[in-house]
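Residue-level structure breakdown
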2 protein chains.
Amino acid sequence: MPRVYPHPTPDDVSLAKVLFALSDPNRLAMVRLLATGASVNSIDLAPDMPKSTLTHHTGTLRKAGITTTRPEGRNCWITLRRDLLDTKFPGLLDTILRQVPDT
Amino acid sequence: MPRVYPHPTPDDVSLAKVLFALSDPNRLAMVRLLATGASVNSIDLAPDMPKSTLTHHTGTLRKAGITTTRPEGRNCWITLRRDLLDTKFPGLLDTILRQVPDT
DNA sequence: TTGAATGTTCGATAATAATCGAACTATCAT
DNA sequence: ATGATAGTTCGATTATTATCGAACATTCAA
């Protein structure tokens, strides 16, 4: 049975959950790596993070509506849901990605 | 001894903490009430909330750099730190306040 | 088919946060 | 002074989240 990753529909995406997901430094760093729009192998989002912790964070981002997860072989390709986020929360992503990582 | 409310300097305000503070529905609702820029009596930010819980949330917003708290008599006047937020995270507040409360 | 690699799930634990009553301080009105 | 009011602090409890090892499933390479 292949792996399946549910993604919330736009109506199910709430601002509070998006903000919460982005408020974790680990996840914020992941989102920055996805800023170009390219698909990134999940393992490259946090190479030094324990596997189960990585799964936790990628799942949090996905369930919040921030990312898509596409399985391919043994890997997961992660992308930003820019279209959804820009439509639903115009400017939010741009504002957040404009920040330098530390601030 | 009069009450004193420490406010973080701009350099001490981090995006992650701001996002976290805003990710709570109660606090997000408070920020919406402050959107006009007017000072709001703290009690009016959540009239039905227990006092100690209200103190907790107003303190979280203040320590995150989102609001100012100015004591006057027995009351506290709360304002949005729009200047700081717009300078440090341009567009963030506008984006968030543009949203309808439920989404 | 065997073994290695990737990711998930489960379970336990630690850390953090939310909630709120009670006691307290400060302030104001009378 | 006395009492009422607003807000804080403290402490306890509950809820949520983060972390991560171990066992497991899936996929791929040899």
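Preceding this paragraph is the structure being described.
Below you will find a few notes about this structure.

What counts and what doesn't
- Here, residues in each chain are numbered from 1, in the same order as that chain's written sequence.
- Here the convention is simple: chains get letters from A, ligands get numbers from 1, in the order in which they are written.
- A pLDDT threshold of at least 70 governs which residues receive local features in this predicted model, and a stricter bar of 80 or more applies before side-chain atom pairs are shown or counted, although totals over entire chains, interfaces and linings include all residues.
- Derived side-chain values reflect all non-hydrogen atoms in the structure, with water molecules and hydrogen atoms excluded from consideration.
- Throughout, the protein atoms alone are placed on a 1 Å grid, and a set of points is a cavity if a 1.4 Å probe fits but cannot get out or a pocket if it is open with protein on both sides within 12 Å along at least five of seven lines; lining residues have an atom within 4 Å of a point.
- Grid points are joined across faces, edges and corners, and a volume is the space filled by probe spheres set on the points.
- Strands are runs of DSSP state E lasting at least two residues, helices are runs of H or I lasting at least four, and both sets are numbered from the N terminus onward.
- When residues are grouped by polarity, Ala, Val, Leu, Ile, Met, Phe, Trp, Tyr, Cys and Pro land in nonpolar, Asp, Glu, Lys and Arg in charged, and all others, Gly among them, in polar.
- Whether a residue is near a molecule or strand depends on its heavy atoms: it is near if one of them lies within 4 Å of it.
- As used in this structure description, the phrase polar contact means that two N or O atoms lie within 3.5 Å; if the pair is within protein, one of them must be able to donate a hydrogen and the other to accept it, and residues adjacent in sequence are counted only when both atoms belong to side chains.
- By this definition, two strands are paired if DSSP reports at least two bridges between them.
- Our superposition of the copies is a least-squares fit, built on the C-alpha atoms of residues whose pLDDT is at least 70 in both.
- Any two residues whose heavy atoms approach within 4.5 Å at even a single point are treated as in contact.
- Buried surface area refers to the total accessible area, computed with a probe of radius 1.4 Å, that the two partners give up upon joining, counted for both partners together.
- For this analysis, a salt bridge means a side-chain nitrogen from Lys or Arg found within 4 Å of a carboxyl oxygen belonging to Asp or Glu.

The subject of this paragraph is empty space enclosed by the protein. All names here are of chain B. On inspection of all chains with the given rule, the structure shows one cavity of 30 Å³ or more. The calculated volume of the largest cavity comes to roughly 40 Å³. Surrounding the largest cavity, Val 18, Leu 22, Leu 85, Asp 86, Phe 89, Leu 92, Leu 93 and Ile 96 form its lining. Of all elements in the fold, only α1 (15-22), α5 (82-88) and α6 (92-98) reach the threshold of two or more residues within the lining of the largest cavity. With three residues, the top contributor of residues to the lining of the largest cavity is α6. In terms of residue class, the lining of the largest cavity is made up of seven nonpolar, no polar and one charged.

A separate point is the protein's contact with DNA strand C. Among the 24 residues in the neighbourhood of DNA strand C, the closest are listed as Tyr 5, Ser 42 and Thr 55 of chain A together with His 57 and Arg 74 of chain B. Those atoms of DNA strand C that come within 4 Å of the protein belong to sugar or phosphate at a rate of 67%. Contact between DNA strand C and Ser 42 of chain A: a phosphate oxygen at 2.7 Å from a side-chain N or O atom of the residue. Contacts to DNA strand C include Asn 75 of chain A, whose side-chain N or O atom sits 3.2 Å from a sugar or linking oxygen. Residue assignment for the surface near DNA strand C shows that the elements contributing at least two residues are α3 (42-45), α4 (51-64) and β3 (75-80) of chain A together with α2 (25-33) and α4 (51-64) of chain B.

So, on to the sheet that holds strand β3 (residues 75-80) of chain B. All names here are of chain B. As summarised here, the arrangement of the three strands in space is β1-β3-β2, forming an open sheet in which the pairing is antiparallel. Only two strands of the sheet have a single neighbouring strand rather than two, namely β1 (40-41) and β2 (67-72). Looking at chain direction, β2 and β3 are connected through six bridges and run antiparallel. Looking at the pairing, Thr 67 lines up with Leu 80 of β3.

This brings us to the protein's contact with DNA strand D. Around DNA strand D, the surrounding shell holds 23 residues, and the nearest of these are His 56 and His 57 of chain A together with Ser 42, Lys 51 and Thr 55 of chain B. Each atom of DNA strand D within 4 Å of the protein was classed as base or backbone; sugar and phosphate made up 67%. The separation between a phosphate oxygen of DNA strand D and a polar side-chain atom of His 56 of chain A is 2.7 Å. At 2.5 Å, a side-chain N or O of Ser 42 of chain B approaches a phosphate oxygen of DNA strand D. The biggest single contributor to the surface near DNA strand D is α4 of chain A, with four residues. Across the surface near DNA strand D, the residue classes break down as six nonpolar, 11 polar and six charged.

Mapping chain B onto chain A is achieved by rotating through 180° and translating by 0.0 Å along the same axis, at an RMSD of 0.0 Å. Taken together, the rotation and translation describe the operation of a two-fold axis.

So, about the interface of chain B and chain A. Quoted interface sizes are often the accessible area lost when the parts come together. Taken together, the contacts link 19 residues of chain B with 19 residues of chain A. Summed over both partners, the interface of chain B with chain A comes to about 1,600 Å²; 73% of that surface belongs to carbon and sulfur atoms. Where chain B meets chain A, there are zero salt bridges. Applying the counting criterion to the chain B and chain A interface returns four residue pairs in polar contact (both at pLDDT 80 or more). Counting residues per element, the ones that place at least two in the side of chain B that touches chain A are α1, α2 and α6 of chain B. A per-element tally of the side of chain B that touches chain A places α1 of chain B first, with five residues. Considered class by class, the residues forming the side of chain B that touches chain A number 10 nonpolar, six polar and three charged.

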